[in-house]
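# Observations on the model geometry
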Amino acid sequence: MLVVLGFFLLLNGARGFGILPGDSQSHLDITDTAILNATVQVCRALAETEGNVFTTPAQPFTVRDVATACGARNSIRSFQLAIVTIKFRNVRVDIRQVLNASFHFDDESFAAGRNIIVGGLITVKNNINQEDFEAARENLGTILHPLQDFYSHSNWVENGNQFPNSNLIRSDTSIGNIAAVNRATCRSCNGDDCSDNILEDIKRDNVLTSGYFSLFPTVPFKPAGKCSHGGTFDRTSNINPTGGINKDTADSEHGNLHQAAANLAAMATSEILENIRQDVDDVPFLRMLGISRGSGKALCFVIDTTESMSDDIAAVRAATSSLIDDVAGTEDQPQSFILVPFNDPEVGPLMRTTDPQDFKGFVDGLSASGGGDEAERSLTGLQLGLMGSPRSSDIFVFTDAPAEDVELKTTVIALIERSQSVVNFLIAGTTVENRRRSSNRIAAADSQVYRDIAQAAGGLAVEVETDELLNATTIIRQISNSSVVTLLQASRGPGSAESFTFLVDETTMNTRIYITGNSTTFTVTNPAGTTHGVMGNILFTLSSVGNLDILELIPAEGRWTLAITSANPYSLRVTAQSPIDFLVDFVEIVPGGNEFDVLDTRPTACNNGSLLVTLTGGETAEVTGVTLVEAAGTGEVAGTVEPQGSGQFLVRVDKIPSVPFVVRVDGTANNASFEFQRQSPTNFQASNLTIRGEVNNNLVPGTPFSVPFSVSEDRGGNFSVTVTTNDQRFTTSAPGSVQLQPGVPSNNTVMVFAPLNTPSGTTITLTVEVKNPDSGDTNYLILRIGVFNTVTDLTAPVCEFLSSVICVRMSSTESWAVSLRVSDGADGTGVERVTRRQGNGTLKVETSLSDGNVTLVNYNASCADPDLVLEAVDRVGNTVACAFNAFNAFPASGGVAALVSQVHLVWALNLALGLLHSLW
């Protein structure tokens, strides 16, 4: 019900900055521009620190130009994905929290609104510190919405303020002079003219108020004399005093101030981004936004560590070491590395790092032990890897045994659909004496589950001998490159001959065909009609690893044909490297409008549906067609494409296939000078089940946490329910089944419990899977739950002056020095780090051995470099900036150095000026 209301209000611009195209600024516009500007500023600062020249891209900034300017061309796709995630989460607040005044600063709910922002801000920083960038993006998008709404829904602009309210992102200060509950704030509008409806004394005393809002005429609560939000759907606006004060669009009651409100919202967005950047540092901040000097992708290894894998682990270790040595420090280095070991019965822990040498250390630390039975918990390990990896990761599973936990197959495939990660299996042979099996490979029936999952994930299931694992590193390098795109993928049963076509365009290079299966024969024909092998024609080079054939094509633009005949099942994948690719999300759409929310579940089978396609890497590219293609057949459903701007295209289809399918995108680029074709590596499925759920709060460790969800199905019946999380320490309770009446939603609850020692900032990935045991029809709900420990440390660290040597005159031959103590107080959480924001001298930071809560700092520099600004951050994100100058007298011993909050303000204002220039 709330989702429907949210869509209805979004369509009519009733709950926040408008969404529809037009003269008004929207949450999407403000967020997109602020992120691009912030990224440019951080990349410039990082380049200057490293002594490099930074070239500012031309305005207006684009994802491609900004990533390139940051020296991160291979991060274009991940950068776009990060921005899309943040924007979608921002807009989702208007849909999922439509009647929650705190998320919109309505009803004078200033304290509650700030708590959402401050609590979420702490969570974002903890997410980044734990390198859970996906969770950080989602949480950031959520808190940006109320932050931006403050300027549209309150009277901050009407009171003459020209800068953001910085206290919205701090918990230890006052938001402002908030109107008392019994204080009148508005008079009725003069007809349609509401320009003068705020009372004079409210403006004179700089009192803070916001409009009241109610959608329902039966409960239009508004205290006497208070302002209303306003608009057609606000029932309080008909109660004296009538009218409203919102500035959501240029047509709102206070629409004459819409641009001023949008400008302040943009500046505030810049300010909160800078606050995050200052506290987590430049490189982690950029990684949160998908920007890195490497590939922009995550690489995850899920490795079997049972006894029979002893020789294989040594080979995996050698393969990993070779891979890391090849990519470390290059454009192909993954943004992050993830390792998940699995044994019997232990699985995990998940280990995550951005440092390639640390990852080598993780793998080097693996040892084989245990096991004993034939099958292992490989799918549990893969499930943990999928839950802990960001979207569009590359995941490799190393094992020599069948899956013991085959019941997780549908859950794993659901996670693959949601994350759109590519999963590959390297299934090792059994050649040592202590192998559990008599044959040198696991049985075909046992490995079928791996082939099915690999096909669903657009990956490969490669069966190799132990001595071939090192050669398999080549496969990892080829298919985990950030610029790899899918031109075609399919799977077929045995006994039939079929021809496949795919398009190679002028942007593609290193085009490869991967065919997994046994006893396959194939014929390749290039765009000129030449067939390989006929009259000595050479169109590709062939290499093989295990049951995998790799064909590397001789470059030729145009449409190629591949004819395959096989007596056994096989899978086919054609890839290339290209800057042009796409992201796809299935969405719910408002009838008659262009507003949408990304589905957390499968779309409805055999019904109409919508998806959003976002092009990446092709600034002049256009989508000309989108088709849903059966993954194991020839059926196709074409969609209607509606451009949305900024490289996004809304696609409507009349009927979602009832069988697994892929998404094919056709388009043109470079002003239609050439055509291209891309395909999603992920197989998608639809369902007749509908499942909905929402998480509105953070989980507190040691306290039971309730997650409501509802299930419905047109025919009804008894359905099974399976609940899993990404950490075995978290316990859950939920009904094992639900009895559904035809078309009637059944409301249910999952209880989640996290141990007391769960770190704040941890993200719980909760999967609720509902299945029809008769038909096998399955749908799922995947939710992220943030863990938030109550923060009692609201005080920033203190910089205490110890001693100094000052300069007499400006000279490059003379030097100055300062020593200080940084502490967080007896009741503080401790100093997390001390970093330099200004100054090029030598900085030495060390933690006191006698008191871990005290950090000693020594700094010396040339007198020609007289200014020093240090920033100290405690473990919950409280920050202080301390300034020193080579020519000034320092405070007496024990005194506190000056706080330079102006440092943040000047940076934020410079950023905001660039942002406002873009908006204008």
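Every residue gets a number counted from 1 within its own chain, in the order that chain's sequence is written. Only residues with pLDDT of 70 or above have their local features reported here, since the model is predicted, and side-chain atom pairs are shown and tallied only from 80 upward, although totals for entire chains, interfaces and linings are computed over all residues. Only hydrogens and water are set aside; all other atoms, that is, all heavy atoms of the structure, feed into the side-chain values.

Quick look at the environment of histidine 104 now. Numbering of helices and strands starts at the N terminus; helices are DSSP runs of H or I of at least 4 residues and strands are runs of E of at least 2. Here histidine 104 lies in the loop between α4 (76–96) and α5 (110–129). Partly exposed residues are those whose accessible area sits between 20% and 50% of the maximum for their type, while under 20% is buried and over 50% is exposed, using a 1.4 Å probe and protein chains only. Using a relative accessible area of 0% as the deciding quantity, one classes histidine 104 as buried. Spatially, the C-alpha atom of histidine 104 lies 10.0 Å from that of tyrosine 151, the residues being 47 residues apart in sequence.

Right, let's get into unusual backbone geometry. In this structure, proline 60 follows glutamine 59 across a cis peptide bond, with omega equal to -5°. Its location among the elements puts proline 60 in the loop between α2 (27–49) and α3 (63–69). Looking along the chain, the bond that leaves asparagine 240 and enters proline 241 is cis, with omega of -5°. Mapped onto the secondary structure, proline 241 falls in the loop between β2 (207–208) and α8 (258–280). Residues other than glycine seldom take positive phi values, yet aspartate 281 does so here, at roughly 90°. For aspartate 281, the position within the fold is in the loop between α8 and α9 (282–288).

So, about the sheet that holds strand β33 (residues 778–786). Think of it this way: DSSP has to see at least two bridges between two strands before they count as a pair. Read across the open sheet, the 4 strands follow the order β30-β28-β32-β33; overall the sheet is antiparallel. In this open sheet, the two edge strands, each paired with only one partner strand, are β30 (737–740) and β33. Direction aside, neighbouring strands of the sheet carry axes that sit 25° apart on average. Axis lines are fitted to C-alpha atoms, over the contacting stretch for helices. Their N-to-C directions set the angle, which ranges from 0 to 180 degrees.

Disulfide assignment relies on a single distance test, namely cysteine sulfur atoms paired within 2.5 Å. Scanning all chains against the criterion turns up 5 disulfides. The disulfide partner of cysteine 43 is cysteine 70, and the gap between their sulfur atoms is 2.0 Å. Here the S-S torsion is close to 105°, and the disulfide linking cysteine 43 with cysteine 70 is therefore right-handed. Taken together, the residues cysteine 43 in helix α2 and cysteine 70 in the loop between α3 and α4 connect sequence positions 27 residues apart. A residue is classified by how much of its surface remains accessible, and cysteine 43, at 4% relative accessible area, is buried. Between cysteine 189 and cysteine 194 runs a disulfide, and the two sulfur atoms are separated by 2.0 Å. On the sign convention where negative is left-handed, the bridge of cysteine 189 and cysteine 194, at about 110° about the S-S bond, is right-handed. With relative accessibility at 11%, the residue cysteine 189 sits in the buried group. Owing to a relative accessible area of 4%, cysteine 194 belongs among the buried residues under this scheme. Sequential numbering of the bridged cysteines in the chain gives the disulfide pattern 1-2, 3-6, 4-5, 7-10, 8-9.

Right, let's get into the environment of glutamate 158. Checked against the element boundaries, glutamate 158 lands in the loop between α6 (133–153) and β1 (177–178). A sequence separation of 103 residues divides glutamate 158 from alanine 261, and the C-alpha atoms of the two residues are 9.4 Å apart. Whether two residues touch is decided by their heavy atoms; if any such pair falls within 4.5 Å, the residues are in contact. With near-sequence residues (within four places) excluded, glutamate 158 lies in contact with Ile198, Ile245, Lys247, His254 and Leu257.

As a further point, take the nonpolar core. One finds Phe79, Leu140, Tyr151 and Phe285 to be the most contacted residues of the largest nonpolar core, which totals 57 residues. Broken down by secondary-structure element, the contributors of at least two residues to this core are α2, α3, α4, α5, α6, α8 and α9. In terms of residue count, α8 provides more of this core than any other element does, 11 residues in total. Not counting residues up to four positions away in its chain, the partners in contact with phenylalanine 79 are Ile35, Leu36, Thr39, Val63, Val66, Ala67, Leu289, Gly290 and Ile291. Ranked by size, the runner-up nonpolar core spans 32 residues in total, among them Ile338, Leu384, Ile395 and Leu415. Among buried residues, those of type Ala, Val, Leu, Ile, Met, Phe, Trp, Tyr and Cys that are joined through side-chain atoms within 4.5 Å constitute a nonpolar core.

Quick look at the packing of helix α12 (residues 378–388) against helix α13 (residues 409–419) now. In the contact formed by α12 and α13, the axes pass within 10 Å of each other and the chain directions differ by 20°. Taken together, the axes of α12 and α13 are roughly parallel relative to one another. Pair α12 / α13 crosses with left-handed handedness. Across the interface between the two elements, Leu379, Leu382, Gln383, Leu386 and Met387 of α12 pack against Lys409, Thr411, Val412, Leu415, Ile416 and Ser419 of α13. Each angle is binned into one of four classes, with values under 35 degrees roughly parallel, values over 145 roughly antiparallel, values of 65 to 115 roughly perpendicular, and all other values oblique. The hand of a helix crossing depends on one turn: near helix anticlockwise from the far one by less than a right angle means left-handed, and clockwise means right-handed.

Turning next to the confidence of the model for the chain. Taken over all residues, the pLDDT of the chain has a mean of 82, while the share at 70 or more is 88%. Predictor confidence is given residue by residue as pLDDT, running from a minimum of 0 to a maximum of 100. This model gives residues 1–14 a pLDDT under 50, and the stretch forms 44 contacts once residues within four places in sequence are excluded. In this model residues 891–920 is a low-confidence stretch, pLDDT under 50, and it forms 63 contacts with partners more than four residues away in sequence or in other chains.

Once that is clear, we can look at the packing of aromatic side chains. For any pair of aromatic rings, geometry is given as the distance between the ring centres together with the angle between the planes. Classification of ring pairs rests on two measures: the distance between centres of Phe, Tyr or Trp rings, Trp counted by its six-membered ring, which must be within 6.5 Å, and the angle between planes, read as stacked under 30 degrees, edge-to-face over 60 and tilted in between. Scanning the model with the defined rule gives 16 aromatic pairs in all. With a centroid separation of 6.0 Å and an interplanar angle of 85°, the aromatic rings of phenylalanine 301 and phenylalanine 396 are classed as edge-to-face. Of this pair, phenylalanine 301 sits in strand β3 (residues 298–304) while phenylalanine 396 sits in strand β6 (residues 394–399), and the two are 95 residues apart along the sequence. The same class applies to phenylalanine 301 and to phenylalanine 396, which are both buried.

The strand order across the open sheet formed by 5 strands is β9-β16-β11-β14-β13, and the pairing between neighbours is antiparallel. At either margin of the open sheet sits one strand with a lone partner, and together these are β9 (484–492) and β13 (540–545). Neighbouring strand axes in the sheet, compared pairwise and without regard to direction, differ in orientation by 15° on average. Looking at chain direction, strand β11 (residues 509–516) and strand β14 (residues 548–553) are connected through 5 bridges and run antiparallel. Residue pairing for β14: threonine 516 is matched across the bridge by leucine 548.

What follows is about α5. To estimate the expected span of a helix, count its residues, drop one, and scale the result by 1.5 Å. For α5, built from 20 residues, the straight-helix expectation of 28 Å at 1.5 Å per residue is met to within 8% by its first-to-last C-alpha distance of 29 Å. Taken across its 20 residues, α5 has 15 buried, putting it largely inside the fold.

Let's shift gears to the pattern of salt bridges. Definition used for salt bridges: Asp or Glu carboxyl oxygen within 4 Å of a side-chain nitrogen of Lys or Arg. Scanning the model with the defined rule gives 33 salt bridges in all. The partner of lysine 87 in a salt bridge is aspartate 32, with the nearest N and O atoms 3.5 Å apart. Remark: aspartate 32 occurs in helix α2 and lysine 87 occurs in helix α4; sequence separation between them is 55 residues. Between glutamate 138 and arginine 784 there is a salt bridge whose closest N-O contact spans 3.3 Å. Highlighted residues: glutamate 138 in helix α6 and arginine 784 in strand β33, separated in sequence by 646 residues. Each member of the salt-bridge network shares a partner with another, and the members are Arg92, Arg418, Asp597 and Asp600.

Let us look at the pairing of strand β32 (residues 763–771). A large share of β32 lies buried, amounting to 8 of its 9 residues. Pairing between strand β28 (residues 717–725) and β32: 6 bridges, direction antiparallel. Among the inter-strand pairings, serine 720 is bridged to a residue of β32, identified as lysine 771. The pairing of β32 with β33 spans 9 bridges and is antiparallel. Across the sheet, residue threonine 765 finds its bridge partner in β33, namely arginine 784. As consecutive antiparallel partners, β32 and β33 are separated by 6 residues, and within that stretch glycine 776 has a phi angle of approximately 80°, a positive value.

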